[in-house]
Amino acid sequence: MTQEEKTNIESRIVDVLRTVFDPEIPVNIYDLGLIYRVELHDDGSLDIDMTFTAPSCPAADYILEDVRQKVEGVTGVTSSNVQLVFEPQWDQSMMSEEARVELGFD
């Protein structure tokens, strides 16, 4: 896979991550800052580290499965490993400017 192909696939991965929402929050998980790492390997396998706003998120299973299904649907991704992490702990400073405005923090 060339660097250009990898960059295009990574861009599409971010696009689909922006379609995943916590049912209780009207902002996508990418702009909330819940995605810590997206690493696409040359063989098409994908590693994602992500977190939740709270460790006891009631929609955790739903969100993880939504992420997995959507990223595996991106052409060029052969498999995904979505790892749930809690370090560093998420806080509001990790949100994009758009998310902060949407949620009324700015």
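Our subject is the structure that appears above.
Read on for an overview of the structure.

About the cut-offs
Residues numbered from 1 in each chain as written. Predicted model: local features only at pLDDT ≥ 70, side-chain atom pairs only at ≥ 80, totals over all residues. Heavy atoms only, no water. Salt bridge = Lys/Arg side-chain N within 4 Å of Asp/Glu carboxyl O. Helix = DSSP H or I, 4+ residues; strand = E, 2+ residues; numbered from the N terminus. Buried < 20%, exposed > 50% of the residue type's maximum accessible area, 1.4 Å probe, protein only. Pairing = 2+ DSSP bridges. Axes fitted to C-alpha atoms, helices over the stretch in contact; angles between N-to-C directions.

Some details on the pattern of salt bridges
Scanning the entire structure with this criterion turns up five salt bridges. For Asp31, the salt bridge identified is with Arg18, shortest N-O distance 3.3 Å. A residue pair is termed long-range when its members are at least 10 positions apart, and Asp31 in helix α2 (residues 29-32) and Arg18 in the loop between α1 (3-17) and α2 qualify at 13 residues. Taking the relative accessible area as the measure of exposure, Asp31 reaches 12% and is therefore buried. Exposure remark for Arg18: the relative accessible area of 35% places this residue in the partly exposed category.

Concerning the sheet that holds strand β2 (residues 45-50)
Backbone-to-backbone hydrogen bonds pair the strands of a sheet. The strands run either parallel or antiparallel. Reading across the sheet, the three strands line up as β1-β2-β3 and stay open at both edges, with mixed pairing between neighbours. On the outer flanks of this sheet lie β1 (35-40) and β3 (79-84), each paired with one strand and no other. Averaged over all adjacent pairs, the angle separating strand axes in this sheet is 15 degrees, with direction ignored. Here six bridges tie β2 to β3, and the two strands are oriented parallel to one another.

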